[in-house]
Amino acid sequence: MRTAYSVETVRAAERELMARLAEGALMQRAAAGLAAACADLLGRVYGSRIVLLVGSGDNGGDALYAGARLARRGAGVTAVLLVPERTHGAGLAALRRAGGTVAGSGAAEELILRADLVVDGIVGIGGKGGLRPEAVPLAAYAADSRAAVVAVDLPSGIEADTGEVLGTAVRADLTVTFGTHKPGLLIDPGREYAGSVRLVDIGLELPEEAELEALQHVDVAARLPVPGAESDKYRRGVVGIAAGSARYPGAAVLAVSGALRGGAGAVRYVGPAADAVISRFPETLVSDQGPARAGRVQAWVVGPGVGDDASAVAQVLGADVPVLVDADGLRLADRSAVRARTAPTLMTPHAGEAAALLGVSRESVEGARLSSARELALRYGATVLLKGSTTLVADPAGGAVRVNPTGTAWLATAGSGDVLSGLAGSLLAAGLSALDAGSVGAYLHGLAGRLAADGAPLGAHDVAAAIPEAWRDVRDALR
């Protein structure tokens, strides 16, 4: 599992480690990893032109020491000093001894436009509030150049703990981060600026509980429900789907399609789209008696395409089984009813729906995804899966927030969320916790989207059809 820690936690671990090491040893470890990553990206170091953008903090020192290593291998290295009087002295001396040169910010544009590689050492993980005015042109020059851009620990201008971008920030092709991932590298909009991320182990000892977790194949495989020799369809779990309407029958069909591939033994559908569901999926159990009289289920999904059917939502929330609430169900769900539930609740809003529930703008949610997911989970006493470019799953009890690494922009298509709801609801019925059902469902859904798209447009039905392939791909991690 990939983990990310807050700046405060990282700083504490660094202080503890530095107390046991010789002075400067930790920075040298970071610089060695940074130089190796830059060399790998360049392919040929000798004769390459490298520009270091050097701020006043330790990031600038990391860049200078890495630049010295690259200069000794034959690169032409020039450091642009943003605050000359506060530049890391030992790092600057090392660069000069290795043959590197120094330039003022006035020469930066020409140097950057001619460079093969630009190293962003402007601001470290402690930076707040976006780039300072004097650094903004440097970010623009780097973006306009043909040079590869490598960020030191975190692209300058990104909020390390949240991924927020408050103004201008450096866009990197590669970010070399030290000790652990920072939340801002895994959460949009910051993730978009980070490019590829390379983690350099510098020996930090970190707490067991992280700020963020990102499941990998092996983690998902360990959580997938697998039937045993004595399993039957009811022991594997039955998921109820209360979805669809005369206007939106397709939402019911898509939710059922995801549920049938989600690990439960049977899917029970309740709603006005029974004919459409049965014609597409004859194995579905259907009922026209409403959720409260539909028969035994181990979990419910309610909301996709239900329109204004508040009764169905209320009946599902009154059930003493895990419930997933999506789409129209989010609008119709009474907050006090959700908070009063004793069985787990999983809410799956996109940014617009989350904004409506929080009473803020969509832009506010998209710019502060981590805090929005946490706040919504606290307000409703429910696990929240905030869909989007980086899907987050937050538990109301706190702890690490899960961030999904498998998403693709091709999933931004009508009905994709309905498939996810059915899939995650089926995992709930199969016995997974709300946190695991949400994060495993998002992982499989994102992977299925990648497999189905393969670089081309797709429909929601394509995503559902690719879930078994994604499931098998994940299971292969245990072989």
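The rules behind each value
- Residues numbered from 1 in each chain as written.
- Predicted model: local features only at pLDDT ≥ 70, side-chain atom pairs only at ≥ 80, totals over all residues.
- Heavy atoms only, no water.
- Phe/Tyr/Trp six-rings, centres within 6.5 Å; stacked < 30°, edge-to-face > 60°.
- Lys NZ or Arg CZ within 6 Å of the ring centre and 35° of its normal.
- Pairing = 2+ DSSP bridges.
- Helix = DSSP H or I, 4+ residues; strand = E, 2+ residues; numbered from the N terminus.
- Axes fitted to C-alpha atoms, helices over the stretch in contact; angles between N-to-C directions.
- Contact = heavy atoms within 4.5 Å.
- Core = buried A, V, L, I, M, F, W, Y, C linked by side-chain atoms within 4.5 Å.
- Buried < 20%, exposed > 50% of the residue type's maximum accessible area, 1.4 Å probe, protein only.
- 1 Å grid on protein atoms, 1.4 Å probe; cavity = no way out; pocket = protein on both sides within 12 Å on 5 of 7 lines; lining within 4 Å.
- Points joined across faces, edges and corners; volume = space filled by probe spheres on them.
- Nonpolar A, V, L, I, M, F, W, Y, C, P; charged D, E, K, R; others polar.
- UniProt positions renumbered as here; feature names shortened; annotations may be inferred.
- Polar contact = N/O pair within 3.5 Å; in protein donor to acceptor, adjacent residues only side chain to side chain.

Participant: Looking at this model, I keep getting lost on the packing of aromatic side chains. Mind explaining?
Facilitator: Two aromatic rings, taken as a pair, are described by how far apart their centres are and by the angle between their planes. Taken as a whole and judged by the stated rule, the model has 0 aromatic pairs. Note that R171 overlies the ring of Y193, its terminal NZ or CZ placed 4.0 Å from the centroid. In this structure, R335 packs its charged tip against the face of Y380, placed 6.0 Å from the ring centre.

Participant: Just checking my understanding: could you explain the sheet that holds strand β5 (residues 117–121) for this structure?
Facilitator: The strands that make up a sheet pair up through hydrogen bonds in the backbone, lying either parallel or antiparallel. Pairing is parallel in the open sheet, where 7 strands are placed in the order β4-β3-β2-β5-β6-β7-β8. Each edge of the open sheet is held by one strand with a lone partner, namely β4 (101–103) and β8 (196–200). Strand-to-strand, the axes of this sheet are offset by a mean angle of 25°, without reference to chain direction. With 5 bridges joining them, strand β7 (residues 174–178) and β8 adopt parallel strand pairing. Across the sheet, residue V176 finds its bridge partner in β8, namely R198. Relative to the sheet, helix α2 (residues 25–42) contacts β2 (49–54), β5, β6 (148–152), β7 and β8, its axis offset from that of β7 by approximately 160°. Across the sheet, helix α3 (residues 58–72) lies against β2, β3 (76–81), β5, β6 and β7, angled at about 160° from β2, the strand it touches most.

Participant: Just checking my understanding: could you explain unusual backbone geometry for this structure?
Facilitator: Negative phi values dominate among residues other than glycine, just as trans dominates among peptide bonds. Residue P189 is bonded to the preceding D188 through a cis peptide linkage, with omega at 10°. Topologically, P189 is positioned in the loop between α7 (183–186) and α8 (190–194). Unlike most non-glycine residues, D153 shows phi in positive territory, near 75°. When you line up the elements, D153 lands in the loop between β6 and β7.

Participant: Looking at this model, I keep getting lost on the nonpolar core. Mind explaining?
Facilitator: Judged by nonpolar contacts, the single largest core of 54 residues is most densely connected at V239, I241, Y269, V440, L444 and V474. Among the elements that take part in this core, helix α19 (residues 434–453) stands out by supplying 10 residues, more than any other. Excluding anything up to four places from it in sequence, L444 contacts L224, L423, A470, W471 and V474. Ranked by size, the runner-up nonpolar core spans 53 residues in total, among them V7, V119, V176 and A210.

Participant: Before we go on, may I ask you to explain empty space enclosed by the protein in this structure?
Facilitator: To find the voids left in a structure, one rolls a probe of water-molecule size over its atoms. For the structure shown, the criterion picks out 1 cavity of 30 Å³ or more. Taken as a whole, the largest cavity encloses approximately 40 Å³ of empty space. Around the largest cavity sit L215, T391, V393, R402, V403, N404, P405, S439 and Y443, which together line it. Of all elements in the fold, only β18 (401–403) and α19 reach the threshold of two or more residues within the lining of the largest cavity. Its residues assigned to classes, the lining of the largest cavity comprises 5 nonpolar, 3 polar and 1 charged.

Participant: What should I look at first to understand the pairing of strand β16 (residues 383–386) in this one?
Facilitator: Residues in a regular strand project their side chains so that they alternate between the two faces of the sheet. Where burial is concerned, the two faces of β16 agree: the one with T383 and L385 and the one with V384 and L386 are both buried. Inspection of the sheet shows strand β15 (residues 345–347) paired to β16 by 2 bridges, in the parallel sense. Residue pairing for β16: M347 is matched across the bridge by V384. Judged from the 3 bridges that link them, β16 and strand β17 (residues 392–394) form a sheet pairing that is antiparallel. When the sheet's bridge partners are listed, V384 is paired in β17 with A394. Between β16 and β17, which pair antiparallel and follow one another directly, the connecting turn spans 5 residues, one of which, G388, has a positive phi of 155°.

Participant: Mind showing me how you'd approach the UniProt feature "binding site: AMP" (unreviewed entry) in the protein here?
Facilitator: Mapped onto this numbering, the UniProt entry annotates "binding site: AMP" (unreviewed entry) at K387, G388, S389, T390, T391 and G417. With the annotated positions falling across 31 residues, the maximum pairwise C-alpha distance of 13.9 Å places them together in a single cluster. From the list above, the largest cavity is lined by T391. Counting through the fold element by element, K387 comes out in the loop between β16 and β17. Looking at K387, the relative accessible area reads 15%, which means it is buried. Once residues within four sequence positions are removed from consideration, K387 is found in contact with D326, T348, P349, H350, A351, R369, G417 and L420. Topologically, G417 is positioned in helix α18 (residues 416–429). Filtering out sequence-adjacent residues up to four positions away, G417 remains in contact with D326 and K387.

Participant: Where do I start with the side chain of S245 in this structure?
Facilitator: Among the structural elements, S245 can be located in the loop between β10 (238–242) and α10 (249–260). By relative accessible area, S245 is classed as buried at 13%. Of the polar contacts made by the side chain of S245, one reaches the backbone nitrogen of Y248; its length is 3.1 Å. Residues within four places of S245 in sequence aside, it is in contact with P272, G305 and V306.

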